[in-house]
Amino acid sequence: MNISLKPQTSQPARALAGKVALVTGSTSGIGLGIARALAAAGADIVLNGLGVASEIDQTREQLAAEFGIKASYSPADMTRPKSIAEMIAATIAQSGRLDILVNNAGIQHVAPLDQFPVEKWDQILAINLTSAFHTTRLALPAMRRNGFGRIINIASAHGLVGSPFKAAYVAAKHGIVGLTKVTALETAEEGITCNAVCPGYVYTPLVEAQIDGQAKAHGVSRDQVIRDVLLVQQPNKRFATVEELGALTVFLATEAAASITGIALPVDGGWTAH
Ligand SMILES: NC(=O)c1ccc[n+]([C@@H]2O[C@H](COP(=O)([O-])OP(=O)(O)OC[C@H]3O[C@@H](n4cnc5c(N)ncnc54)[C@H](O)[C@@H]3O)[C@@H](O)[C@H]2O)c1
């Protein structure tokens, strides 16, 4: 039992020193913000995602230099189970451990259900949901060996509620909330936690890309989409920031969050309080 009293300690500045964190889809947006926050807390980082090789290399070098950690990069495509398996195996071979897994890679496509491109449905389900099944099942043995693990799934407010024109995204994000609960239950006694973070709108390239799509779907201007379509759901009328999501992820990865598992935590300015 863990009921003996421990002296009160404050969280050290580099609370994650010695840990290894892999963040899928961390060449941009929220994933990059989370990778930076984990690196600032002392974790070694494995970056993953698409992009221009020279720019990714620069990001990797910058992270290592700025925070004094080791940073590597895997180009694994999250639609390909074999690439995902190679990424996890390489991480464990390189570092001997994998402590923090952030399933963040995600894409969006906006279209009415009866016109939703079938290949987009398959791609969104693969990247936003199935990739997390593969990374999780492959990371668990290493976490179990160390008696420690943190799996943080970047879901969405759309993991909790629906919106029109986002069939695949909403289905995938509800799916990852379900996967989070099962992962938490299967690992509950093993020092491993699994939680979903459910952001509302965060201004990133993914959101920028949907503004034009939504403008066409609703027949309105970009400014109207931002005010009346995107942030209409978000009572606090502001985009969340990648720094806020980074700080939350660091907290969930620390010992202070040892009893938090299986939750889907909204970071949505009150959207899902409606
Ligand atoms: N931005 C928001 O408002 C918002 C809100 C809720 C949830 N989210 C979720 O947060 C996550 C990150 O979104 P973002 O806004 O930072 O988007 P983004 O487009 O800025 O970043 C997406 C990342 O995923 C990577 N990626 C895309 N396809 C990939 C593939 N096949 N293999 C490997 N990597 C791939 C990209 O390279 C990039 O690094 C997504 O899961 C998204 O659904 C975003």
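About the criteria used
Residues numbered from 1 in each chain as written. Predicted model: local features only at pLDDT ≥ 70, side-chain atom pairs only at ≥ 80, totals over all residues. Heavy atoms only, no water. Helix = DSSP H or I, 4+ residues; strand = E, 2+ residues; numbered from the N terminus. Near = heavy atom within 4 Å. Polar contact = N/O pair within 3.5 Å; in protein donor to acceptor, adjacent residues only side chain to side chain. Areas by Shrake-Rupley, 256 points an atom, 1.4 Å probe, with all protein chains shown as cover. Nonpolar A, V, L, I, M, F, W, Y, C, P; charged D, E, K, R; others polar. Pairing = 2+ DSSP bridges. Axes fitted to C-alpha atoms, helices over the stretch in contact; angles between N-to-C directions. Contact = heavy atoms within 4.5 Å. Expected span 1.5 Å × (residues − 1). Bend = angle between axes of the 7 residues up to and from the residue. Buried < 20%, exposed > 50% of the residue type's maximum accessible area, 1.4 Å probe, protein only. Phe/Tyr/Trp six-rings, centres within 6.5 Å; stacked < 30°, edge-to-face > 60°. Core = buried A, V, L, I, M, F, W, Y, C linked by side-chain atoms within 4.5 Å.

Caption draft 1: Looking closely at the environment of Ala89. Considering the arrangement of structural elements, one finds Ala89 in helix H3 (residues 81-95). A C-alpha to C-alpha distance of 10.0 Å links Ala89 and Ala142, two positions 53 residues apart in sequence.

Caption draft 2: Expanded view of the site of the ligand. In the neighbourhood of the ligand, 30 residues make up the surrounding shell, with Ser28, Asn104, Tyr169, Val202 and Thr204 lying closest. Contact between the ligand and Gly200: an oxygen atom at 3.5 Å from a main-chain N or O atom of the residue. Contact with the protein chains hides 93% of the accessible area of the ligand, taken as 830 Å² for the molecule alone. Counting only elements with at least two residues in the shell around the ligand, the list comes to helix H1 (29-40), helix H5 (167-187) and helix H6 (205-218). Here the element with the most residues in the shell around the ligand is H6; it accounts for 3 residues. Here the residues of the shell around the ligand sort into 16 nonpolar, 12 polar and 2 charged.

Caption draft 3: Looking closely at the sheet that holds strand S5 (residues 149-154). Ordered in space as S3-S2-S1-S4-S5-S6-S7, the 7 strands form an open sheet in which the pairing is parallel. Because the sheet does not close on itself, it has two edges, and the strands there are strand S3 (71-74) and strand S7 (264-267). With strand direction ignored, the average angle separating the axes of adjacent strands in the sheet is 20°. Bridge analysis of S5 against strand S6 (residues 192-199) gives 6 bridges, and the strand direction is parallel. Of the residues in S6, the one forming a bridge with Ile152 is Asn195. Contacting strand S2 (44-48) and S3, helix H2 (residues 53-67) runs over the sheet at an angle of about 155° to S3. Its contacts with the sheet put helix H4 (residues 118-146) on strand S4 (100-103), S5 and S6, and the angle it makes with S4 is roughly 175°.

Caption draft 4: Main features of H6. Here H6 contains 14 residues, and its C-alpha end-to-end distance of 20 Å stays within 8% of the 20 Å for a straight helix at 1.5 Å per residue. At Ile211, H6 is bent by approximately 25°, the largest bend along its length. Taken together, the buried positions of H6 are occupied by Val207, Gln210, Ile211, Gln214 and Ala215. Those residues of H6 that are buried are in contact with helix H7 (222-230). One or two positions beyond H6, positive phi appears at Gly219, with a value near 65°.

Caption draft 5: The arrangement of the packing of aromatic side chains in detail. Per the counting criterion, the structure on display carries 2 aromatic pairs. Both rings, one in Tyr201 and one in Trp271, keep their centres 5.6 Å apart while their planes meet at 10°; by these two values the pair is stacked. Taken together, the positions of Tyr201 in the loop between S6 and H6 and Trp271 in the segment after S7 put the pair 70 residues apart, joining distant regions of the chain. For the pair Tyr201 and Trp271, a shared accessibility class is recorded, and that class is buried.

Caption draft 6: Layout of the side chain of Ser156. With respect to the helices and strands, the residue Ser156 is situated in the loop between S5 and H5. Residue classification places Ser156 among the buried positions, given a relative accessible area of 4%. With residues near it in sequence (within four places) discarded, Ser156 still touches Tyr169, Lys173, Val197, Cys198 and Pro199.

Caption draft 7: A look at the nonpolar core. Core analysis: the largest hydrophobic core is formed by 32 residues, its most contacted members being Leu16, Leu38, Ile45, Ile100, Val102, Ile152 and Val197. Broken down by secondary-structure element, the contributors of at least two residues to this core are strand S1 (20-23), H1, S2, H2, S4, S5 and helix H8 (242-253). In this view, Ile152 contacts Ile100, Leu101, Val102, Asn103, Asn195, Val197, Thr249, Leu252 and Ala253; residues no more than four positions away in its chain are not counted. Judged by nonpolar contacts, the second largest core, of 21 residues, contains Met78, Ile127, Ala142 and Ile151.

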